[in-house]
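So the chains spell out like this:
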Amino acid sequence: LPTQARRQQPVEVTPAQVTVEALTVLSIDGPRVRCRIVCSSGFYIRSLAHDLGDTLGCGGCLETLRRERHGPFNLQAAVPLAQIVEKRAWVATQFVPMGSLLPSIPAVVVSDQGARRAAHGNPLRVADLVPGAGLPRPNTGWVRVLDERGRLLAVADRGGDTLQPKIVLV
């Protein structure tokens, strides 16, 4: 069993449901296997390498790991470090606005009072939203909290008629 680093105590590892859409072996060079995996969140590539090594009886670990895509973000849209250093003004135009992140999560727009409450992690109610706005359906789950300019202030957990900020970004 893995140990908790600071306490040196065993930790129970619980299996999680994950999906592997594709696993392609790109090359085999002696003991090194290079592959590409398309998988769901929660899939631990290091665990796969360890488990393969155990199954083969030779041990296994990762030498390198490169994430090529996560959700809508991919390497084609990435800005190389050299360009960040050389073209600072241009790089500022390439940032994805925070309010545009997490598009699959419903959003609410809060009033100035709601923005202050969200910034302090206080629960938000319908009265904290811009006039005429309501809480999104369903009644539970994550909700993006935006100010009237579209800036992402927080990610909140909806429970009935309230939103509890869980991740505060201001």
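Up top you'll find the structure we're talking about.
Along each chain, residues carry numbers from 1 onward, in the same order as the chain's sequence is written. Note on the predicted model: pLDDT of at least 70 is required for a residue's local features to be given, and 80 or more for side-chain atom pairs to be given and counted; whole-chain, interface and lining totals, by contrast, use all residues. Where side-chain values are given, they derive from all heavy atoms of the structure, hydrogens and water being excluded.

J.: How would you summarise the overall build of the protein chain if you had to cite specific residues and measurements?
T.: Secondary structure is summarised from DSSP: a helix means a run of H or I of at least four residues, a strand means a run of E of at least two, and numbering begins at the N terminus for each. If you tally the helices and strands in the protein chain, you get four helices and 10 strands. Atoms considered for the radius of gyration are the C-alpha atoms alone. The globule rule reads 2.2 Å times the number of residues to the power 0.38. Taken over the C-alpha trace, the protein chain has a radius of gyration of 22 Å; the compact-globule value for 170 residues is 15 Å, which it surpasses by more than 25%. Taken along the three principal axes of its C-alpha coordinates, the protein chain extends 65 × 45 × 35 Å. Whether a residue is buried, partly exposed or exposed follows from its accessible area with a 1.4 Å probe, protein chains only, as a fraction of its type maximum: under 20%, in between, or over 50%, in that order. For the protein chain, with 170 residues in total, the buried portion stands at 18%. Any two residues whose heavy atoms approach within 4.5 Å are treated as being in contact. For the protein chain, contacts bridging at least 24 residues in sequence account for 35% of all contacts bridging at least 6. Reported accessibility uses the Shrake-Rupley method at a 1.4 Å probe radius. Residues are deemed covered only where the shown protein chains occlude them. Taken as a whole, the protein chain presents about 12,900 Å² of accessible surface, with 54% of it coming from carbon and sulfur. Charge separation in the protein chain, taken as the distance between the mean sites of 20 positive and 14 negative side-chain charges, equals 5 Å. In summary, the charge assignment counts Lys and Arg as positive and Asp and Glu as negative, without counting His or the chain termini. A charge is said to be at NZ when it belongs to Lys, at CZ for Arg, at CG for Asp and at CD for Glu.

J.: Hey, could you go over the pairing of strand β3 (residues 20-29) for me, with residue numbers and the actual values?
T.: Only when DSSP finds a minimum of two bridges between them are two strands counted as paired. Summarising the sheet, β3 and strand β4 (residues 32-39) pair through eight bridges and their orientation is antiparallel. Across the sheet, V20 pairs through a bridge with C39, a residue of β4. As consecutive antiparallel partners, β3 and β4 are separated by two residues, and within that stretch G30 has a phi angle of approximately 65°, a positive value.

J.: How would you sum up the nonpolar core? Please name residues and give values.
T.: Joining through side-chain atoms within 4.5 Å is the link that ties buried Ala, Val, Leu, Ile, Met, Phe, Trp, Tyr and Cys residues into a set, and such a set is a nonpolar core. V108, V110, L124, L129, V145, L153 and L163 are the most contacted members of the largest nonpolar core, which has 13 residues in total. Mapped onto this core, the elements with two or more residues apiece are α4 (112-119), β8 (140-146) and β9 (152-159). The element contributing the most residues to this core is β9, with three residues. In this structure, L129 is in contact with V108, V109, V110, S111, G134 and L135, ignoring residues within four places of it in sequence.

J.: Please set out α4 residue by residue, giving values where relevant.
T.: Within the sequence span of α4, burial applies to G114, A115 and A118. Along α4, the residues classed as buried sweep out an arc of 105° about the axis, all on the same side. Among the exposed residues of α4, those oriented more than 90 degrees off its buried face are D112 and R116. On its buried face, α4 sits against β8, β9 and β10 (162-168). Of the residues flanking the end of α4, it is G121, one or two places downstream, whose phi is positive at about 75°. When we speak of the arc, we mean the arc of directions from the helix axis to the C-beta atoms.

J.: Outline the pattern of salt bridges, supporting the account with residue identities and numerical values.
T.: Close approach of charged atoms lets side chains of opposite charge pair. Whenever a carboxyl oxygen of Asp or Glu lies within 4 Å of a side-chain nitrogen of Lys or Arg, that contact is scored as a salt bridge. A full pass over the atoms with the stated rule returns four salt bridges. Linking R117 and D128 is a salt bridge whose minimum nitrogen-to-oxygen distance equals 3.3 Å. Separated by 11 residues along the polypeptide, R117 in helix α4 and D128 in the loop between α4 and β8 bring together distant segments of the chain. Note on R117: relative accessible area 25%, which makes it partly exposed. Relative accessible area serves as the criterion here: at 4%, D128 is assigned to the buried category. The salt bridge partner of D147 is R151, with a shortest N-O separation of 2.7 Å.

J.: How would you explain the pairing of β8 if you had to name every residue and give the values?
T.: The side chains of a regular strand alternate, first on one face of the sheet and then on the other. One ladder, built from three bridges, connects strand β7 (residues 107-109) with β8; its direction is parallel. What sits directly across from V108, in β8, is V145. Of the pairings in the sheet, the one linking β8 to β9 comprises seven bridges and is antiparallel in character. In the sheet register, V143 faces β9, and the bridge partner there is A156. Connecting the antiparallel pair β8 and β9 is a turn made up of five residues, with G150 showing a positive phi of about 90°.

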